2 protein chains.
Amino acid sequence: MTEELLKLFEQLEELFVNKKYNELKALLSDTEPADIAKFIEDNLEEIDQIRFFRLLPKDLASDVFIETDSDTQEALIKAFTDKELKAVIDDMFLDDAVDVIEEMPANVVKRILKNSDPQNRQQINELLEYPDDSAGSIMTTEFVSFSADMTVEQGFDKIRKTGINSETIYTCYVTDNRKHLIGVVTVKEMLLAGKTDVLRDIMDDSVITVETLDDKEQVAMMLSKYDFLALPVVDREGCLVGIVTVDDAVDVLQEEATEDIQKMAAILPNEKPYLKQSIWSIWKARVPWLLLLMVSATFTGLILNTYEASLSDISTVLIACVPMLMDTGGNAGGQASVTIIRSIALGDIEFKDLFKVLWKEIRVSILLAATLAVACFVKLTLIDNLLFGYKDYTPLLCLTVSLALFVTIIMAKIVGCLLPMFAKKIKLDPAVMASPFITTIVDALSLMLFCAISIAILG
Amino acid sequence: MTEELLKLFEQLEELFVNKKYNELKALLSDTEPADIAKFIEDNLEEIDQIRFFRLLPKDLASDVFIETDSDTQEALIKAFTDKELKAVIDDMFLDDAVDVIEEMPANVVKRILKNSDPQNRQQINELLEYPDDSAGSIMTTEFVSFSADMTVEQGFDKIRKTGINSETIYTCYVTDNRKHLIGVVTVKEMLLAGKTDVLRDIMDDSVITVETLDDKEQVAMMLSKYDFLALPVVDREGCLVGIVTVDDAVDVLQEEATEDIQKMAAILPNEKPYLKQSIWSIWKARVPWLLLLMVSATFTGLILNTYEASLSDISTVLIACVPMLMDTGGNAGGQASVTIIRSIALGDIEFKDLFKVLWKEIRVSILLAATLAVACFVKLTLIDNLLFGYKDYTPLLCLTVSLALFVTIIMAKIVGCLLPMFAKKIKLDPAVMASPFITTIVDALSLMLFCAISIAILG
């Protein structure tokens, strides 16, 4: 948190505690809703939150409300009178209202819907129907639409009339009389055109659209790729039903990156900020993969049980090399898998690139394996043998370990790049195929390789 | 890639190969610059790229150019005549020109600067001075500014005059006669106000600003937090020097997420898409951490060398449990560290939350450790002893391994949450403290714990 923000929070608290409400109100109307929301969440007891919220200027109240987290929202709603609730809900953009409702328990949802405008209620209910990961779930139905024969002047008049309730006015949509989307026109184009120009002549009629059931991550990536401020959402008949705005797209991209990072670290995704998660929900998100990966390590144990005696007969130092081999294999495989997972997420790689990827990883892995094998040989000879005096590290033994490392790295890279590609192909989430998962497989494979190579050369 | 895009590419290729240039031009003017850029990059030989580029309508050329990757840009620039180069560069927004220049070799940079407008050249040179990770490096100097005593009508006139060259016109800035930023006004507010209203009365005078040297990631996070379309950048005297727009902020957030993911997987960050990276640059990005982590595994080897004999004396199956212990420790530590790293990046956690985080991780780790320890005991008893017949897994030995696992998980979680927090404190990048790094530390610690506990109970 910046110093400025800390100072602001101190000021707010002081004014609130000392009941200097007029000064407080003046300060609040100059403060960003997101900052007020953070203040309410972090600095006030539940009983004070509603008191503080009631001091907010009317036009700020719902903006602040949607910026608070869902726990605070729930507490506030429970404290609201029906009239207050109605005012806040009706003042929200519909997609924000839907976001709020999605996090609430059933009885609160019921109360919200009961207290909202009948027309809004219907639209909220429609938006609630869309699947969680669809464009429909993040779109808003409040946009500006024109008919093609309107002039620029008429367009501006319509914006003045309906714009206050639209999430963005800067990109407007032109539809025919059956609501089919036929063009898009920006306020910039309208400002630079003449007042009497007809929209049909200045609109862009090759509109990029998405459908309501398209994946919201893809939609967000498109907004980012084309640098749009909004993207129109159409139904199967090509009728305009909503728009996705860039601020929501940014949130989606951030959430998806967080989700991928969590999956890569063997955690089930959880949207709540860390400090607001209960220890049980953290436990629930972490325990499944930890358990699964532990049980699958049974194979490594079995292999080690089988070969331990043979390895010990050759030299006890061989066993001491196992963790280094496994870790390096795991790291090498993790590098490849994470690179591929992120590239798939960014749309840089598709399944059809399989052979390109494989060929690249094979060449890279040979380079890396050679580098690491040489380094390993030097390290065992200089550090372990000469410096620490483990005379068992004979040149031949060092060579054997280095050879095993060489093969392990190549194998790890191949497994690491193939698994996410195939996961994508069979519509599994590639992010799950990251380090922890790869490590478990690579551990077992590298141990088998190591035992086989050691016994073949030294046994 | 969507089917639509594939079809479009086929069409473009067919028209180009058959030299149907008029149809091609018509199709191109209806196509998004980002899509044309991808077509040029992926589907054309270098010699065709410039031929194709010359067919682009004039107003599209520079938009397409900035969307191509830097290799294609370099090839195109080398093929441009001076006149073509000047047209493309002068038509770009300055921040885009700077992005292009930053990726070019020195002789190309010289040629670009020589062929750009003297006024642009000066501003480009100023922008090039800002450090790579600063707000200055992603801002543009092309924005609309007003003086406070202008009316709304005069404001719109100024937008009509200068707007075509501004990256955004929707957020405009009000400055005094010494260029100090004193307010901000949106086109929406101007449209909803009366034509003769004075900007001073409708502008918002509590403006959120950033400074030129602020971290660009922080700036992007602010844009996302406040849902702004642009954020003004001021110098130390409070004078407005540029703006950062939301499309650049989205790119920064995506790049930073990719960078963090790469660092978490022990890869040095690299901005280029995977398929465009040479195998040497991939090697260079991956080899340092692999080497370092391999060498640091020396400690694990030393510990195993020291205790191996004592462990084998007790039972050979103890050694077989080492990989499972290490992997689970590494996974548990990785979960904690990655959660904390991402929370720090998102601004959810700061160093002052250290004790809150530690207390949370301790409680979570006890829950997880208990769950895993019980599961481990059951697994060893049922699977390894009964199913696979390793009779060495006596109840006492299983209990010992489970106890070691219990302690390992708690230790791993504590190390995993503390290291990124301290890294942040001493201004190291927390993302480096992820799974591979944590694994190496946790491996050594868990092995020592395991040996000590085994010898104490069984030895």
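Cut-offs applied
Residues numbered from 1 in each chain as written. Chains lettered and ligands numbered in written order. Predicted model: local features only at pLDDT ≥ 70, side-chain atom pairs only at ≥ 80, totals over all residues. Heavy atoms only, no water. Helix = DSSP H or I, 4+ residues; strand = E, 2+ residues; numbered from the N terminus. Rg over C-alpha atoms; globule rule 2.2 N^0.38 Å. Buried < 20%, exposed > 50% of the residue type's maximum accessible area, 1.4 Å probe, protein only. Contact = heavy atoms within 4.5 Å. Areas by Shrake-Rupley, 256 points an atom, 1.4 Å probe, with all protein chains shown as cover. Salt bridge = Lys/Arg side-chain N within 4 Å of Asp/Glu carboxyl O. 1 Å grid on protein atoms, 1.4 Å probe; cavity = no way out; pocket = protein on both sides within 12 Å on 5 of 7 lines; lining within 4 Å. Points joined across faces, edges and corners; volume = space filled by probe spheres on them. Buried area = accessible area lost by both parts, 1.4 Å probe. Pairing = 2+ DSSP bridges. Axes fitted to C-alpha atoms, helices over the stretch in contact; angles between N-to-C directions. Right-handed = clockwise from strand over helix to strand, strands pointing away. Least-squares fit on C-alpha atoms with pLDDT ≥ 70 in both. Core = buried A, V, L, I, M, F, W, Y, C linked by side-chain atoms within 4.5 Å. Expected span 1.5 Å × (residues − 1). Bend = angle between axes of the 7 residues up to and from the residue. Parallel < 35°, antiparallel > 145°, perpendicular 65-115°, else oblique. Left-handed = near helix turned anticlockwise from the far one by under 90°. Nonpolar A, V, L, I, M, F, W, Y, C, P; charged D, E, K, R; others polar. Patch = residues over 30% accessible without salt bridge, like charges linked within 9 Å, V, L, I, M, F, W, Y side chains within 5 Å. Phe/Tyr/Trp six-rings, centres within 6.5 Å; stacked < 30°, edge-to-face > 60°. Lys NZ or Arg CZ within 6 Å of the ring centre and 35° of its normal.

Enquirer: With reference to specific residues and values, describe the overall build of chain A.
Expert: The secondary structure content of chain A amounts to 23 helices and 6 strands. Its C-alpha atoms give chain A a radius of gyration of 30 Å, clearly above 23 Å, the size a compact globule of 459 residues would have. If one aligns the C-alpha atoms of chain A with their principal axes, the spans along those axes are about 90 × 60 × 40 Å. Counting every position in chain A, which comprises 459 residues, the buried fraction comes to 55%. For chain A, the proportion of contacts with a sequence separation of at least 24, taken over those separated by at least 6, is 69%. Carbon and sulfur atoms form 57% of the exposed surface of chain A, whose accessible area is close to 19,700 Å².

Enquirer: Please give an account of the pattern of salt bridges that cites residues and values.
Expert: By the definition in use, this model includes 38 salt bridges over all chains. Between Lys78(B) and Glu74(B) there is a salt bridge; the shortest N-O distance is 2.9 Å. Of the two residues, Lys78(B) and Glu74(B) both sit in helix α6 (residues 70-79), 4 residues apart, roughly one turn of that helix. Between Arg111(B) and Asp82(B) there is a salt bridge, and its shortest N-O distance comes to 3.2 Å. One end of the pair, Arg111(B), is in helix α9 (residues 106-114); the other, Asp82(B), is in helix α7 (residues 82-91), and 29 residues separate them in sequence. Judged by relative accessible area, Arg111(B) falls into the partly exposed class, the value being 22%. Within this structure, Lys38(A), Glu41(A), Asp42(A), Asp69(A) and Lys276(A) form a network of salt bridges that share partners.

Enquirer: Run through empty space enclosed by the protein, naming residues and quoting values.
Expert: If a probe as big as a water molecule is rolled over the atoms, it shows which places are left empty. Considering all chains together, one arrives at 11 cavities of 30 Å³ or more under this definition. Considered as a void within the structure, the largest cavity measures approximately 250 Å³ in volume. Asn331(A), Ser435(A), Thr439(A), Ser435(B) and Thr439(B) are the residues nearest the centre of the largest cavity, which is lined by 20 residues in total. If you list the elements that add at least two residues to the lining of the largest cavity, you get α20 (322-345) and α23 (435-458) of chain A together with α20 (322-345) and α23 (435-458) of chain B.

Enquirer: Account for the interface of chain A and chain B, with residues named and values stated.
Expert: Between chain A and chain B, the contact holds 117 residues from the first and 117 residues from the second. When the buried surface of chain A facing chain B is broken down by residue, Tyr274(A), Leu290(A) and Met294(A) rank first, second and third, together holding 7% of it. Taken together, the connections running from chain A to chain B amount to 4 salt bridges. In this structure, the salt-bridge partner of Lys225(B) is Asp35(A), at a minimum N-O distance of 3.1 Å.

Enquirer: Before we move on, could you go through the sheet that holds strand β6 (residues 240-245) of chain B and cite the residues and values that matter?
Expert: Residues and elements named next belong to chain B. Overall, mixed pairing links the 3 strands, which are arranged β4-β5-β6 in an open sheet. Of all the strands in the sheet, just β4 (210-211) and β6 have a single pairing partner and so form its edges. In terms of strand pairing, strand β5 (residues 230-234) meets β6 through 5 bridges, oriented antiparallel. Opposite Pro 232, over in β6, you have Ile 243 as the bridge partner. In this fold helix α15 (residues 216-226) packs onto β4, β5 and β6, with an angle of close to 140 degrees to the strand it touches most, β5.

Enquirer: Give a detailed account of the sheet that holds strand β2 (residues 171-175) of chain B, specifying residues and quantitative values.
Expert: One key point about sheets: their strands pair by backbone hydrogen bonds, in either a parallel or an antiparallel sense. Taken together, 3 strands build an open sheet; the order of strands is β1-β2-β3 (chain B) and the sheet is mixed. The sheet is open, and its two borders are formed by β1 (145-146) and β3 (181-186) of chain B, each paired with just one other strand.

Enquirer: Describe the pairing of strand β2 (residues 171-175) of chain A, with residues and values.
Expert: Residue and element names in this part refer to chain A. In terms of burial, β2 is a largely internal element, 5 of the 5 residues being buried. Covered by surrounding structure in β2 are Thr 171, Tyr 173 and Thr 175 together with Cys 172 and Val 174, the residues of both alternating faces. When strand β1 (residues 145-146) meets β2, the two strands line up parallel, connected through 2 bridges. Bridging across to β2, Ser 145 finds its partner in Tyr 173. Running through helix α12 (residues 152-162), the crossover from β1 to the neighbouring parallel element β2 is right-handed. Sheet topology places β2 next to strand β3 (residues 181-186); 5 bridges connect them, and they run antiparallel.

Enquirer: Tell me about the relation of the copies chain A and chain B, residues and numbers included.
Expert: Both copies of the chain are related through a single rotation about an axis accompanied by a shift along the same axis. The two copies are related by a screw operation: chain A maps onto chain B through 180 degrees of rotation and 0.0 Å of translation along the axis, at an RMSD of 0.1 Å. Within this description, the copies of the chain are treated as partners about a two-fold rotation axis. Here 100% of the contact residues of chain A are again contact residues in chain B; the copies associate through an equivalent surface.

Enquirer: Describe the environment of Val185(B), and please don't skip the residues or the numbers.
Expert: All names here are of chain B. The topology assignment puts Val 185 in strand β3. Separated by 32 residues in sequence, Val 185 and Glu 217 have C-alpha atoms that sit 25 Å apart. Other than its neighbours up to four places away in sequence, Val 185 contacts Phe 146, Tyr 170, Thr 171, Cys 172, Val 174, Met 190, Ile 202 and Met 203.

Enquirer: Hey, could you go over the nonpolar core for me, with residue numbers and the actual values?
Expert: With 122 residues, the main nonpolar core has Phe53(A) and Phe53(B) as its most contacted residues. Setting aside chain neighbours within four positions, we find Phe53(B) in contact with Ile40(B), Ala61(B), Val64(B), Phe65(B), Leu76(B), Phe80(B) and Val88(B). Grouped together as the second largest cluster of nonpolar side chains are 105 residues, Leu304(A), Met326(A), Ala412(A) and Ile349(B) included.

Enquirer: Explain helix α17 (residues 279-296) of chain B residue by residue, including any values.
Expert: The terminal C-alpha atoms of α17(B), which comprises 18 residues, lie 26 Å apart, in line with the 26 Å expected from a rise of 1.5 Å per residue. At Val287(B), α17(B) is deflected by roughly 35 degrees, the largest bend along its length, and proline Pro288(B) occurs up to four residues later in sequence. Residues of α17(B) that are buried include every one of Ile279(B), Ser281(B), Ile282(B), Trp283(B), Ala285(B), Arg286(B), Val287(B), Trp289(B), Leu290(B), Leu293(B) and Met294(B), and no others. Contact partners of the buried residues in α17(B): α20, α21 (354-387) and α22 (395-425) of chain A together with α18 (298-314) and α23 of chain B.

Enquirer: Tell me about the packing of helix α15 (residues 216-226) of chain A against helix α16 (residues 246-264) of chain A, and name the residues and values.
Expert: Residue and element names in this part refer to chain A. At a minimum axis separation of 9 Å, α15 and α16 run at an interaxial angle of 120 degrees. With respect to α16, the axis of α15 lies oblique. The handedness of the crossing between α15 and α16 is left-handed. Across the interface between the two elements, Lys 216, Glu 217, Ala 220, Met 221, Leu 223 and Ser 224 of α15 pack against Val 246, Ala 249, Val 252, Leu 253, Glu 255 and Glu 256 of α16. Of the residues that constitute the contact of α15 with α16, the class distribution is 7 nonpolar, 1 polar and 4 charged.

Enquirer: Please set out helix α3 (residues 33-43) of chain B residue by residue, giving values where relevant.
Expert: An α-helix turns once every 3.6 residues. As a result, residues three or four positions apart point the same way. For α3(B), a buried count of 8 out of 11 residues is recorded, marking the element as mostly surrounded by other parts of the structure. All of the buried residues along α3(B) are Pro33(B), Ala34(B), Asp35(B), Ile36(B), Ala37(B), Phe39(B), Ile40(B) and Glu41(B). If you follow the buried residues of α3(B), they end up packed against α15 of chain A together with α1 (3-17), α2 (21-29), α4 (46-53), α5 (58-67) and α6 of chain B.

Enquirer: Would you mind going over a nonpolar patch on the surface in detail, with residue names and values included?
Expert: On the surface, a cluster of nonpolar side chains totalling about 380 Å² of accessible area is made up of Val374(A), Val378(A), Leu382(A) and Leu386(A). Here Leu382(A) is to be found in helix α21.

Enquirer: Can you break down the environment of Leu85(B) residue by residue, with the values?
Expert: All names here are of chain B. Tracing the backbone through its elements, the reader meets Leu 85 in helix α7. Separated by 179 residues in the primary sequence, Leu 85 and Met 264 have C-alpha atoms spaced 40 Å apart. Those residues in contact with Leu 85 that sit more than four places away from it in its chain are Ile 77, Phe 80, Arg 111, Ile 112 and Asn 115.

Enquirer: Run through the packing of aromatic side chains, naming residues and quoting values.
Expert: Going through the model one piece at a time under the given rule, you end up with 25 aromatic pairs over all chains. Look at Phe9(B) and Phe39(B): their rings are 5.4 Å apart centre to centre, the planes differ by 65 degrees, and that puts the pair in the edge-to-face class. Of this pair, Phe9(B) sits in helix α1 while Phe39(B) sits in helix α3, and the two are 30 residues apart along the sequence. Among the aromatic residues, those joined into a ring-pair cluster are Phe9(A), Phe16(A), Phe39(A) and Phe52(A). Positioned above the aromatic ring of Tyr274(B) is the side chain of Lys360(A), whose terminal nitrogen or guanidinium carbon lies 5.7 Å from the ring centre.

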